[in-house]
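# Structure at a glance
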Amino acid sequence: MDDHLAMAQRLLLVEADPQACQQLQARTAELEQVEVRCCALSPEPGQATLHRYNLPDANSLQPAVGLLRLFPGLKPRDRLALDALSPTALLEPLQLNEQNEHLLVIDLPGQELPILESLAQSGDLHHFAHIHLYCGIEALYESGRPATEVVDWLAEHGFDLIATEDRLDPDQPCWILRLNRLKLDRIALQYRLEALEAENAALKQACDEQAKSTAGLQKQLEALKADKVAVVKERDALASEHAALKSARDQQAKLVAERQQQLDAVMTEKATLVKERETLSTDHAALKQARDEQAKSTAELQKQLEALKAEKDACAKEQATLKSARDEQAKLAVERAEQLKQQTSARDQAQAKLDELTKTLEQRTQAQTSAQAKVEELSKALEAAKAEADKQAKLAIQYKAEADTQTKERAALQAARDEQAKLATERQKQLEALKTEKAAVVKERDALASEQAALKSARDQQAKLAAERQQQLDAVAAERAVVAKEQAELRSKHEEQSTLVQSKQAEIEKQKAQLHETQSRIHTLEGQIAESDQRQALMNEEMIKAEGQIELIKDLLLKGDLQIT
């Protein structure tokens, strides 16, 4: 350190051990150019542990594993926790100038290579023209590297090994290195040349990839053109088919309108027929009701007639004397029954007359009953019965005329009813025919509706398909535009890349020329240095010869002086 104190204009001493730092501060207190810093250095700032031993020179931030094996008497003393600074943080305030000669002394056992790598990473390593490295020939500390590995690393970064001093400690000598600027420039040029070659290879690869991509894009463009032609043909076919479908749809719409008009006419006629059918149904119901009433009236008359027959039979059995009158009454009753059977209408008048006849019969029955009780008055009753029979005969003739009239009316009603029934049957047949035709029309309408729905669905599908095809055409056109744009961009980029490659190639050639010139200069300088060394050796030899001649001349002069004396 005394040599450094005598030579340096400014000296920064860094010591991690506080006790050793105090000793250094006391020793250099009177030296203004010397600054002592008490701190630990580490590639990464933060907490660090100082391992202290009974030999202060062995202290380090790394355990002395190999040194303990080499010196069994070396004993650990304690461990001290410290705040460590990075080399960059330590050197930044100094503002070192590369034009000046700076010396870096590294005595950090186990941390030599990490500290140097940190300086190289921050760009501070080449601020130092000289490095004195205290490092063991073998790795004596944990995580340490042998000196040869560290020196080789420094040689790769432009430092030449000048000398090795092992006077103080043969196991941990001082390796003296000097920065070779020419070597550093050559290494930088080599790195730059390798980077340019790598960049050139990358550019060539990029150009090849661009060429492949351009070829692929060209193929895609040709495929898209073929697809476009196929799509245009398909679009034209779809347009023709769409026009045919549209024409068919218009025809179907016209046919549907005609069928709708026919259906409306049929529906109108159907409504008319329905009204007529309702009218016929009403008339049929009225006729049926009248027929039922007449049948009921006839049944009642038949019952009354049968009752009269029974009374007549009883009177015949009971009154033998009145047999002729009863026979006449029976005959009259038979005739009456036959007349009543032929009467199907004239319910109101027949009923009234039947009521009168019933009263008369009841009176006659009462008379017959009283005649049975009173035999003496039988003649009087017989005369009264004869008178009554004459009256009844007249009434029967009258009733027969009325019955004939009613029969004629009934026949007319029957003919009208048959005509109405025939008309109703014809209307029913027409109605059924209309129903059948309506069903056919409804079926045809449903078929037309289904066909219309199918045509509408087909039209919608065709429209949708046409829209999709149009979208595909638009997408293809857009994609073709994008592809054309990308192709133009790729061509532009390819031209730029080609220009860049040419410029890079020219720059590489220029760098090669500069490197060749630098190497020539290096060889020239080395030759000049060798020639200078040779001249220096010759001059040394001439100096030695001159000194010998001078000594010889001195001797001769001395001898001459002695002789002259």
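Let me sum up the structure you'll find in this document. (Residues numbered from 1 in each chain as written. Predicted model: local features only at pLDDT ≥ 70, side-chain atom pairs only at ≥ 80, totals over all residues. Heavy atoms only, no water.)

### Re the overall build of the protein
For clarity, the cut-off: In DSSP terms, a helix is any run of H or I states spanning at least four residues, a strand is any run of E spanning at least two, and both are numbered starting from the N terminus. Partly exposed describes any residue whose relative accessible area lies between the buried limit of under 20% and the exposed limit of over 50%, with all areas from a 1.4 Å probe on protein chains only and scaled to the type maximum. In this analysis, two residues are considered to be in contact whenever any of their non-hydrogen atoms come within 4.5 Å of each other. Values of accessible area rely on a 1.4 Å probe in the Shrake-Rupley scheme; residue burial ignores everything except the protein chains shown.
The helix and strand inventory of the protein stands at ten helices and nine strands. Taking all 565 residues of the protein together, 27% fall into the buried category. For the protein, the share of sequence-separated contacts (at least 6 apart) that also reach a separation of at least 24 residues comes to 73%. A total of about 37300 Å² of accessible surface is found on the protein, and carbon and sulfur atoms cover 53% of it.

### Things to note about helix α5 (residues 112–122)
Of all the positions in α5, only Glu112, Leu113, Ile115, Leu116, Ser118 and Leu119 are classed as buried. Its buried side turned inward, α5 meets β3 (40–41), α4 (87–91), β6 (103–106), β7 (130–134) and α6 (147–156). Looking one or two places after α5, you find glycine 123, whose phi comes out positive at around 85°.

### Some words on the pattern of salt bridges
Opposite charge on two side chains permits pairing when their charged atoms draw close. Quick reminder of the rule: Definition used for salt bridges: Asp or Glu carboxyl oxygen within 4 Å of a side-chain nitrogen of Lys or Arg.
Considering all chains together, one arrives at eight salt bridges under this definition. Notably, a salt bridge pairs aspartate 78 with arginine 77, separated by 4.0 Å at the nearest N-O pair. Note on aspartate 78: relative accessible area 29%, which makes it partly exposed. Between lysine 183 and aspartate 160 there is a salt bridge whose closest N-O contact spans 3.2 Å.

### Things to note about the packing of α5 against α6
As a reminder of what qualifies: Convention adopted: a line fitted to C-alpha atoms gives each axis, helices being fitted over their contacting stretch, and angles between N-to-C directions are expressed from 0 to 180 degrees. Geometric relationships in this document are graded by angle, where less than 35 degrees denotes roughly parallel, more than 145 denotes roughly antiparallel, 65 to 115 denotes roughly perpendicular, and other angles denote oblique. Left-handed describes a crossing whose near helix is turned anticlockwise from the far helix by less than a right angle; the clockwise case is right-handed. Three categories are distinguished: nonpolar for Ala, Val, Leu, Ile, Met, Phe, Trp, Tyr, Cys and Pro, charged for Asp, Glu, Lys and Arg, and polar for the others, with Gly belonging to the last.
The contact between α5 and α6 brings their axes to 10 Å, and the two run at 15°. When the axes of α5 and α6 are compared, the pair comes out roughly parallel. As for the relative orientation of α5 and α6, their crossing is left-handed in sense. Between α5 and α6, the contacting residues are Leu113, Leu116, Glu117 and Ala120 on the first element and Glu149, Val150, Trp153 and Leu154 on the second. Here the residues of the contact of α5 with α6 sort into six nonpolar, no polar and two charged.

### Focus: the nonpolar core
The following threshold applies: Here the nonpolar core consists of buried residues drawn from Ala, Val, Leu, Ile, Met, Phe, Trp, Tyr and Cys, with membership extended through side-chain atoms lying within 4.5 Å.
In this structure, Leu133 and Leu154 are the most contacted members of the largest nonpolar core, which totals 25 residues. For this core, the secondary structure elements donating two or more residues are α4, β6, α5, β7, α6 and β9 (174–179). Sort the elements by how many residues they give to this core and α6 lands first, with five residues. The contacts of leucine 154, once residues within four sequence positions are left out, are Leu116, Ile131, Leu133, Phe159 and Leu177.

### Looking at the sheet that holds β9
Counted only if it meets this: When DSSP finds two or more bridges between a pair of strands, those strands are recorded as paired.
Judged by pairing direction, the sheet is mixed, and its four strands sit side by side in the order β6-β7-β9-β8 without closing on themselves. Because the sheet does not close on itself, it has two edges, and the strands there are β6 and β8 (159–165). Neighbour-to-neighbour, the strand axes of this sheet turn through a mean angle of 20°, independent of strand direction. Here β7 pairs with β9 via five bridges, running antiparallel. Its bridge partner being in β9, histidine 130 is matched across the sheet by arginine 178. α6 rests against β7, β8 and β9 of the sheet, and its axis sits at about 5° to β9.

### Observations regarding the environment of leucine 196
Here leucine 196 lies in helix α7 (residues 181–318). Spatially, the C-alpha atom of leucine 196 lies 7.5 Å from that of lysine 504, the residues being 308 residues apart in sequence. Not counting residues within four places of it along the chain, the set of residues in contact with leucine 196 comprises Ile508 and Gln511.

### Describing the sheet that holds strand β5 (residues 76–85)
Taken in spatial order, the three strands line up as β3-β5-β4 in an open sheet, and their pairing is mixed. If you trace the sheet from one side to the other, it starts and ends with β3 and β4 (46–53), each paired once. Here eight bridges tie β4 to β5, and the two strands are oriented antiparallel to one another. Looking at β5, one finds that histidine 51 is bridged to arginine 79.

### Describing the state of the cysteines
As used here, a disulfide is simply a covalent bond connecting the sulfur atoms of two cysteines. Heads up, the condition is: Whenever a pair of cysteine sulfur atoms sits within 2.5 Å, that pair is classed as a disulfide.
Per the counting criterion, the structure on display carries zero disulfides. There is no disulfide at cysteine 38, and the cysteine sulfur nearest it, in cysteine 21, is 3.9 Å away. According to the relative accessible area criterion, cysteine 38 is partly exposed, its value standing at 43%.

### Examining the environment of valine 65
Summarising the element assignment, valine 65 is placed in helix α3 (residues 65–70). The partly exposed category is assigned to valine 65, whose relative accessible area is 35%. C-alpha separation for the pair valine 65 and leucine 140, spaced 75 residues apart in sequence, amounts to 6.2 Å. Look past the residues within four positions of valine 65 in its chain and what remains in contact with it is Leu140, Tyr141 and Glu142.

### With respect to the pairing of β6
Moving residue by residue along a regular strand, the side chains alternate between the two faces of the sheet. Threshold: We call a crossover right-handed when, viewed with both strands directed away from the observer, the connection leading from the first strand over the helix to the second proceeds clockwise.
Alternating residues of β6 divide into Leu104 and Ile106, all buried, and Leu103 and Val105, none buried. Sheet topology places β6 next to β7; four bridges connect them, and they run parallel. By the bridge assignment for β7, leucine 103 is matched with histidine 130. In terms of handedness, the path from β6 via α5 over to β7 forms a crossover that is right-handed.

The quantities given are spatial measurements derived from coordinates; they are silent on function.
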